[in-house]
Amino acid sequence: MHKFSSTLRSTAQQVAQLRFHIQEPGCPGYDFHYHLPERIEYVVGRVSSQCGFDVVQIQLQDLRVSRLHCRIFFHSQGCWMIEDLRSTNGTYIRHPDAPLEAWQEILCVTALPLEIDIRVGGTFLAMRPITQGPPVRHPRNYWPLHSRQAA
């Protein structure tokens, strides 16, 4: 195993595990657990026959999501990072306490706090530490409002 990879894995094991609550258009939402010792990087993208599970780990059905949309990874300096992979509709982040219209587009590799909302296409991913209480659940009418204001 490469020295950098093993150092990164040992650093990653010291950080709280993450949970993504994923809310796709027309879907009630589901949780996706990120197990740090097993993987330190995830690519988010649309399900397609050209990009298999080995390339896209968080697979979405949303047609506004690019095949390879963004990458969320653990940096060797001990923080989470996000990178847009030149997607068609962009990648946006927003602090959970910020107003709905406060989305910021990712233009370069950006450090992430442990609690952040991510928007790719019409899909929302609420990134939270697993140690925190129950998953983020919003009323059914919250996401359509979210989508209108974000578009």
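Refer to the preceding data block for the structure.
All of the points below concern the structure found in this document. Computed from a predicted model, the values in this text were never measured in an experiment.

**Comments concerning the overall build of the protein**
(1) Moving on: Scanning the protein from terminus to terminus reveals two helices and eleven strands.
(2) Moving on: For the protein, the N- to C-terminal ordering of α and β elements is α-β-β-β-β-β-β-β-β-β-β-β-α.
(3) Moving on: A fraction of 51% describes how many contacts in the protein between residues 6 or more apart in sequence connect residues 24 or more apart.
(4) Moving on: On the protein, roughly 8,200 Å² of surface is accessible, and the fraction owed to carbon and sulfur atoms is 52%.

**Section: the packing of aromatic side chains**
(1) Moving on: According to the stated counting rule, one finds two aromatic pairs in the structure shown.
(2) Moving on: Taking NZ or CZ as reference, Arg71 lies 3.8 Å from the ring centre of Phe73, over its face.
(3) Moving on: In this structure, Arg119 is placed above the aromatic ring of Trp103, and the distance from its NZ or CZ to the ring centre is 5.4 Å.

**Overview of the sheet that holds strand 5 (residues 70-74)**
(1) Moving on: The five strands are arranged 4-3-5-6-9 in an open sheet whose pairing can be described as mixed. Unpaired on one side and paired on the other, strand 4 (58-60) and strand 9 (110-112) mark the two borders of the sheet. Neighbour-to-neighbour, the strand axes of the sheet open up by a mean angle of 20°, direction not taken into account.
(2) Moving on: Bridging between strand 3 (residues 41-46) and strand 5 involves four bridges; their strand directions are antiparallel. Within strand 5, the position partnered with Val44 by the bridge is Cys70.

**Let's talk about the environment of Leu114**
(1) Moving on: Relative to the elements of secondary structure, Leu114 occurs in the loop between strand 9 and strand 10 (116-120).
(2) Moving on: C-alpha separation for the pair Leu114 and Cys79, spaced 35 residues apart in sequence, amounts to 8.6 Å.
(3) Moving on: Sequence-distant contacts of Leu114, defined by excluding residues within four places in its chain, comprise Leu18, Trp80, Met127, Arg128 and Pro129.

**Overview of the environment of Glu105**
(1) Moving on: For Glu105, the location among the structural elements is in strand 8 (residues 104-105).
(2) Moving on: Along the backbone, Glu105 and Arg119 are 14 residues apart, and their C-alpha atoms lie at a distance of 9.2 Å.
(3) Moving on: Look past the residues within four positions of Glu105 in its chain and what remains in contact with it is Gly90, Thr91 and Tyr92.

**Quick look at the pairing of strand 11 (residues 123-129)**
(1) Moving on: With respect to burial, strand 11 is a largely interior element, seven of its seven residues being buried.
(2) Moving on: Here strand 11 shows two buried faces, one formed by Thr123, Leu125, Met127 and Pro129 and the other by Phe124, Ala126 and Arg128.
(3) Moving on: The sheet contact formed by strand 1 (residues 18-23) and strand 11 spans six bridges and is antiparallel. In the sheet register, Leu18 faces strand 11, and the bridge partner there is Pro129.
(4) Moving on: Across five bridges, strand 10 lies against strand 11 in antiparallel orientation. By the bridge assignment, Asp117 is partnered in strand 11 with Ala126.
(5) Moving on: Where strand 10 hands over to strand 11, the hairpin turn is made up of two residues, of which Gly121 adopts a positive phi near 60°.

**Remarks on the pattern of salt bridges**
(1) Moving on: A full pass over the atoms with the stated rule returns four salt bridges.
(2) Moving on: Arg71 is paired through a salt bridge with Glu83; the nearest N and O atoms lie 2.9 Å apart. Taken together, the positions of Arg71 in strand 5 and Glu83 in strand 6 (residues 80-84) put the pair twelve residues apart, joining distant regions of the chain.
(3) Moving on: A salt bridge links Arg128 to Asp117; the nearest nitrogen and oxygen atoms lie 3.1 Å apart. Residue Arg128 is found in strand 11, and its partner Asp117 is found in strand 10; the two are separated by eleven residues along the sequence.
(4) Moving on: For Arg128, a relative accessible area of 8% gives the class buried.
(5) Moving on: A relative accessible area of 10% places Asp117 in the buried class.
(6) Moving on: Connected via shared salt-bridge partners are Glu41, Arg71 and Glu83.

About the criteria used
Residues numbered from 1 in each chain as written. Predicted model: local features only at pLDDT ≥ 70, side-chain atom pairs only at ≥ 80, totals over all residues. Heavy atoms only, no water. Helix = DSSP H or I, 4+ residues; strand = E, 2+ residues; numbered from the N terminus. Contact = heavy atoms within 4.5 Å. Areas by Shrake-Rupley, 256 points an atom, 1.4 Å probe, with all protein chains shown as cover. Phe/Tyr/Trp six-rings, centres within 6.5 Å; stacked < 30°, edge-to-face > 60°. Lys NZ or Arg CZ within 6 Å of the ring centre and 35° of its normal. Pairing = 2+ DSSP bridges. Axes fitted to C-alpha atoms, helices over the stretch in contact; angles between N-to-C directions. Buried < 20%, exposed > 50% of the residue type's maximum accessible area, 1.4 Å probe, protein only. Salt bridge = Lys/Arg side-chain N within 4 Å of Asp/Glu carboxyl O.

Don't take any of this as a statement about function, it's just geometry.
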